[in-house]
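Breakdown of the fold
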Amino acid sequence: MKMIFAVVHKEDEGFVVERLNKEQISVTKLASTGGFLRKGNTTLMIGVEEEKVDLVIQIIKEECSRRKEMLINPTYSAGTKGPVLGYSAPPVTIDVGGATVFIVNVESYMKL
């Protein structure tokens, strides 16, 4: 048995879970926050038999699309804890979406 941890963008999580459930694959969702953009993510915990790992990875690939997003950072002044009103840094285009996936061996599994 394998445990798959997939960190997906919050906007993609519903599509992944729906597809996994259609394949009768159970999933547990954990709300998480990305460290870089501080945006909402979802960490999915998926326990499957080894022969279903490729199917799970394929579903995640298909449902977690990468896309461009505009990031607008407020400008901070040295010595202040808040943004400087009326001033802002220019918007930056960044890639979001996709998934980060970890696959680990499960030594033991019990359903109590």
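Only a predicted model underlies this, so the values are computations on that prediction, with no experimental measurement involved.

Quick look at the nonpolar core now. Membership of the largest hydrophobic core comes to 15 residues, with the highest contact counts inside it found for L20, L44, I46, V48, V56 and I60. Looking at this core, the elements with two or more residues in it are β1 (2-9), α1 (10-22), β3 (40-48) and α2 (53-63). Per element, the largest residue contribution to this core is 4 residues, and it comes from α2. Setting aside chain neighbours within four positions, we find L44 in contact with I4, F5, A6, V8, V16, V17, V27, T28 and K29.

What follows covers the sheet that holds strand β2 (residues 28-33). The strand order across the open sheet formed by 4 strands is β2-β3-β1-β8, and the pairing between neighbours is antiparallel. The sheet is open, and its two edges are formed by β2 and β8 (99-105), each paired on a single side. Between one strand axis and the next, the sheet turns through 20° on average, direction left out of account. Both β2 and β3 contribute to a ladder of 6 bridges, which runs antiparallel. Paired with T28 across the two strands is M45, which belongs to β3. Helix-sheet contacts for α1 involve β1, β2 and β3, and the interaxial angle to β3 is about 20°. Here α2 sits on the sheet and contacts β1, β3 and β8; the angle it forms with β8, its principal contact strand, is near 170°.

Estimates place the volume of the second largest pocket at around 210 Å³. Taken together, M1, M3, S26, V27, T28, M45, I46, G47, V106, Y109 and K111 make up the lining of the second largest pocket. Across the lining of the second largest pocket, the residue classes tally to 7 nonpolar, 3 polar and 1 charged.

With 8 bridges connecting them, β1 and β3 associate as antiparallel partners. Residue pairing for β3: H9 is matched across the bridge by N41.

A separate point is the pattern of salt bridges. Enumeration according to the criterion identifies 4 salt bridges in this entry. In this structure, K29 and E13 form a salt bridge, with 3.1 Å as the shortest nitrogen-oxygen distance. Of this pair, K29 sits in strand β2 while E13 sits in helix α1; the two residues are 16 residues apart in sequence, bridging distant segments of the chain. Two residues, R19 and E62, come together in a salt bridge whose shortest N-O distance is 2.9 Å. Note that R19 is positioned in helix α1 and E62 in helix α2, a separation of 43 residues in sequence. Look at R19 and you get partly exposed, because its relative accessible area is 26%. Judged by its relative accessible area of 44%, E62 is partly exposed. A single network of salt bridges, built from pairs that share partners, joins R19, E62 and E63.

Analysis parameters
Residues numbered from 1 in each chain as written. Predicted model: local features only at pLDDT ≥ 70, side-chain atom pairs only at ≥ 80, totals over all residues. Heavy atoms only, no water. Core = buried A, V, L, I, M, F, W, Y, C linked by side-chain atoms within 4.5 Å. Buried < 20%, exposed > 50% of the residue type's maximum accessible area, 1.4 Å probe, protein only. Helix = DSSP H or I, 4+ residues; strand = E, 2+ residues; numbered from the N terminus. Contact = heavy atoms within 4.5 Å. Pairing = 2+ DSSP bridges. Axes fitted to C-alpha atoms, helices over the stretch in contact; angles between N-to-C directions. 1 Å grid on protein atoms, 1.4 Å probe; cavity = no way out; pocket = protein on both sides within 12 Å on 5 of 7 lines; lining within 4 Å. Points joined across faces, edges and corners; volume = space filled by probe spheres on them. Nonpolar A, V, L, I, M, F, W, Y, C, P; charged D, E, K, R; others polar. Salt bridge = Lys/Arg side-chain N within 4 Å of Asp/Glu carboxyl O.

Coordinates in, geometry out; function isn't part of it.
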